[in-house]
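The primary structure of each chain is shown beneath.
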Amino acid sequence: MPGPITSGRLPGGSLRKRRFGARASLWSMGGAHGALLLLGLSSVLAAACPGRGTTVGSASVLESAQGAERLGRIAEARKGWERVRLAAAREGDKNNLVRAYRALLRLGAEAGDLAAVRALGKEALSSSILKTDDRAQAAVRLGAAASLRRLGRLSEAGAELTLARGLGARAKDRAIEARALGERAELTAIGGDIHGAGQHLAEAAALLARLSGPGLAPAALSAARAARLLKDFPRARRFGQQALRSHETRRARVAVATSLVELSRIEQDAGDRRAAAGWAEEAIRRLQEEGRPRSAAMTRWAWSRTLAAWGEHAEAERHRAEAEQILARQGDRYSVARLKLAGGQALVRLGRSKDALVPLAAAAKELEALGERYGAGEARILVAQSRASAGEPAEALEELTQALDHSAAVQAPELTFRAYALLGYISDRLLDRGAQAERFHRGAVTALEQVRSSIDPLGEVHAGAEEAAYYELARVAVRQFRHSGDPGMLDGVLAAVERSRSRQLLHAFSRVGASLADSLEDRRRVRTLAGEERFIAQAMQSPGGTPALRSVLFAALRAAREARAKIEGAALRIDAAHPTPATTGILKGALGDAEALLIYLVGRGGSLLIAITNREAQVVELPSGAELAKAVEAFRLLVDGAAAPSSKAVRASGGALRKLLLDPVRAHLKGKSKLYLVLSGPLWSIPFAALPDGEGESLGTRYAFVRVPSPAGWLKLRDTPRAQSATKTLRVLALADGALGSGSSPLRSALRLLGHTLRPSADALPDGRAVLAVASLREGARPGRRRGQGRPAGQTTKLELDPLESSLRKDGLTDARWVHFATPLVLPARMEGPLQPALVLAGGSGEAGDDGLLLLGEILGLSMDAELFSVAELDSGRGAPHPLAADSFARALQIAGVKSVLLPRQPRGPRPAGWQSAFLQVFYRRLAAGDGVAAAQLAANRSLAIAFPGDPRPLGAFSLFGAD
């Protein structure tokens, strides 16, 4: 094999030290995340290009270019590397020409110069020196892919990686091919194609098993990053340690830090704090020893964010302060300003608004001077929040005015939401409640209407800010309703509720790459765009970068959001998830004499309850979200515990919660037996049926509680006609032997590591047969292993054992009035990318993507037409499910065509045997007798109260979602 490009002799100092100097300087390219993508790229060249390096026209030019890049002097470094490129082209030095092109590509990305990156890539590939060398062209394409990815152009980066892989294969260079496959797997995972990413990763792993030499480390790192995104932590660790050993063998101490940082990220995602801290501290130490202060500062900065997320605020502040001092000595004004902003944000979250004023004000001024208006807007909003907390409303309003100017300049609706939410708080609580409140109302309406056609906001922080803005908007409308007595004002409240509630669930869909588009191709495109949005949003929040780069990233983000909104906005199903708000008059007419609709809108400073019956509508103010969350958690600790709670404790805790949530409208619920609930905030997790009624019983024996997506969503579900005939009655699906099935995937491995068993409990199949028995199946039927029927043609019930995921995705569930799954429902503690709600089925059909997990995103693509979809048991791993997991899963089923969904709740400890079977037998017996779903739920709860007297826990074992 030809010699490495670094074999050229360079005067002065250690050859090894210069060999890795350029690679280490890449830590200045955007913190640990960006460094993981770019650090170590030059090591690919050791196997990428033939021939021996020659001396460049002036070695000092090369040294100065490397030094400027190492210090983050982008303009100076670009000029230096351009001189290197010209000299290498003049002398025919292929190795240094490739090095120069790659350096110019990454510096172009750091400068936010997309046009230059594209032009450089074309120029390099058309160079007469490089055009006949497959290895050299592959190396340039890898560099172009990294730069395009840095600029948020993931589709273009993926195309470059595909070409690089082909060139590597043609040159019979396994290192390049493995590197391209690993990075392709990473991009595919970001785009939400979990199965495709797993296939790319498997191919990369096969190549890595036969690889050695200098090209091993970067290829192993790319595979480690892909495995981490797929939550396949065992393989991620193995690849990361493989890269570490390769770097250690070559004594590349700075490059070793790259592997250490990636290993730290793997352990962070896997939840091993001790291991993550060890790898991160070792990486910082290595960089400091090697004289790379800027790289060490960026690593400290990234690590401080993780520590803050873990609640270790003192340690996080120490690392952040040290990083700020280092960057200040380096003269990096922009990064210092961003660090001050990050520090101020942390102090505000800790309630230390007074301490946050100085760093936030300094950050705002510096970012404005540098022309970074997005960051300046963030800083001004936080300064306003701190001023308001300090009792300085006039100063806070002045800061908000500047923040709104910045958000308008960069067209950032999420900043506008946050500003108006805070403006509403200030107007209502700190200033005159007339003109200032009206100003907020007009501005909030304008801001919210501007984004009605978009699909979801940017990131979880901004989603919460938008929810706060909707709450403030609803509260202003309630105040005007009470002042004027105009019932039309309540319609404004319902509109705010509708938008807030619908967009919460749409945001949850986006986080897991689910799509409401109609065609399969459009769903894939939307999934990819959603992944790009998440990636760009994270890149904008990552340490490092420049104002120019952030500006380009924000433009890419806006383009991706607009493209996704255009596709999904044209989908027929978007109206189901984002319906036109209902009015109080329509809702009153739709409710029966025994029904009531309770709408909860939780805010930071207070909450609202809108109670609607067929006679009247009432609005009640409730405590703040923090106070409600405290009461909810106290009650959940009782009813979800392993031991039966005492009656006294239930009456005390549950009674206090009932007084907050229901007693204010109990007089209006007289004679009602069915309560529809629209929930938000901490109320997602309440088992309402287990609350005491104050008379020695539980509310679950008095009311049927039905959770609905929103007022308008309830109307749409109720009015949607069902096409199936009455003779198509029941379909039960179960894993026959309690085993896993033959499907396998990286996602399965990740879920097992998080404590998910992915197998039904011992009584899951008996539950399924009990459902069949109460539906009057002929006893003694012998269903087939895969698809068996209890009766001949014309029979209205069917048992299917070991249901194949591929069959359900292909055929849907349009042949049953009721569908019951005696298989586990996975509800993870986090919802992002591959971690999403899923039904455990049988896999192994050999078809692509058949891993035996029917994901939430795949359910949106199914065709269904059922009155009821029920699941027997839950698999939530070691942690509590994500608050939106169950609601998102139920909403996906409803959008796919199901009217009502019955899901189990998560206990914190083991339940007494027989809860589920006892509930399901009564529930389905009542359905078979002709009762509606809500009436069957009420009857089943009453039977449980008799079977388990004094224990409220069984009544909260299932939650009903839907329209009945």
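Just so it is clear, the model here is predicted, and its values are computed rather than measured.

**Brief notes about the pairing of strand β14 (residues 958-961)**
Each regular strand displays side chains that alternate between the two surfaces of the sheet.
Okay, so step 1: What you see with β14 is no split at all: Phe958 and Leu960 on one side and Ser959 and Phe961 on the other are buried throughout.
Okay, so step 2: Bridge count for strand β5 (residues 704-707) against β14 is two bridges, and the pairing is parallel. When the bridges of β14 are listed, Arg707 appears paired with Phe961.
Okay, so step 3: Looking at chain direction, strand β13 (residues 898-904) and β14 are connected through four bridges and run antiparallel. Pairing of Leu903 across the sheet is with Ser959, part of β14.

**Topic: the packing of aromatic side chains**
Okay, so step 1: Applying the stated criterion across every chain, the model contains twelve aromatic pairs.
Okay, so step 2: Ring centres 5.6 Å apart and planes at 90 degrees place the aromatic pair Trp303 and Trp310 in the edge-to-face group. This pair shows no difference in class: Trp303 is buried, exactly as Trp310 is.
Okay, so step 3: Considering the side-chain rings of Phe919 and Phe923, the 5.7 Å spacing of their centres and the 15 degrees angle between planes classify their relative orientation as stacked. With Phe919 and Phe923 both in helix α38 (residues 915-928) and four residues apart, the pair spans about one turn of that helix.
Okay, so step 4: Counting every residue linked through ring pairs, the aromatic cluster contains Trp818, Phe919, Phe923, Tyr924 and Phe958.

**Focus on the packing of helix α15 (residues 273-289) against helix α16 (residues 293-309)**
Okay, so step 1: Closest axis-to-axis distance for the α15/α16 pair is 8 Å, and the angle between their directions is 160 degrees. When the axes of α15 and α16 are compared, the pair comes out roughly antiparallel. Every pair of crossing elements has a handedness; the one defined by α15 and α16 is left-handed. Mapping the contact onto sequence places Ala276, Ala277, Ala280, Glu281, Ile284, Leu287 and Gln288 in α15 and Ser295, Ala296, Thr299, Arg300 and Trp303 in α16.
Okay, so step 2: Partitioned by chemical class, the residues of the contact of α15 with α16 number seven nonpolar, three polar and two charged.

**Some thoughts on empty space enclosed by the protein**
A water-sized probe, rolled over the atoms, reveals where empty space remains.
Okay, so step 1: This model, assessed by the stated rule, comprises 15 cavities of 30 Å³ or more.
Okay, so step 2: Considering only enclosed or pocket space, the largest cavity measures out at about 110 Å³ in volume.
Okay, so step 3: Lining the largest cavity are 14 residues, with Phe688, Ala689, Phe705, Phe958 and Ser959 sitting closest to its centre.
Okay, so step 4: The set of elements that each furnish at least two residues to the lining of the largest cavity consists of β5 and β14.

**Let's talk about the environment of Tyr676**
Okay, so step 1: Mapping Tyr676 onto the fold places it in strand β4 (residues 674-678).
Okay, so step 2: The spacing of Tyr676 and Pro709 is 33 residues in sequence and 9.8 Å in space, taken between C-alpha atoms.
Okay, so step 3: What Tyr676 contacts, discounting residues up to four positions off in sequence, is Leu591, Glu595, Ala596, Leu597, Leu598, Val706, Val708, Trp714, Ala963 and Asp964.
Okay, so step 4: For Tyr676, the side chain forms a polar contact with the main-chain oxygen of Ala963, separated by 3.4 Å.

What counts as what
- Residues numbered from 1 in each chain as written.
- Predicted model: local features only at pLDDT ≥ 70, side-chain atom pairs only at ≥ 80, totals over all residues.
- Heavy atoms only, no water.
- Buried < 20%, exposed > 50% of the residue type's maximum accessible area, 1.4 Å probe, protein only.
- Helix = DSSP H or I, 4+ residues; strand = E, 2+ residues; numbered from the N terminus.
- Pairing = 2+ DSSP bridges.
- Phe/Tyr/Trp six-rings, centres within 6.5 Å; stacked < 30°, edge-to-face > 60°.
- Axes fitted to C-alpha atoms, helices over the stretch in contact; angles between N-to-C directions.
- Parallel < 35°, antiparallel > 145°, perpendicular 65-115°, else oblique.
- Left-handed = near helix turned anticlockwise from the far one by under 90°.
- Contact = heavy atoms within 4.5 Å.
- Nonpolar A, V, L, I, M, F, W, Y, C, P; charged D, E, K, R; others polar.
- 1 Å grid on protein atoms, 1.4 Å probe; cavity = no way out; pocket = protein on both sides within 12 Å on 5 of 7 lines; lining within 4 Å.
- Points joined across faces, edges and corners; volume = space filled by probe spheres on them.
- Polar contact = N/O pair within 3.5 Å; in protein donor to acceptor, adjacent residues only side chain to side chain.

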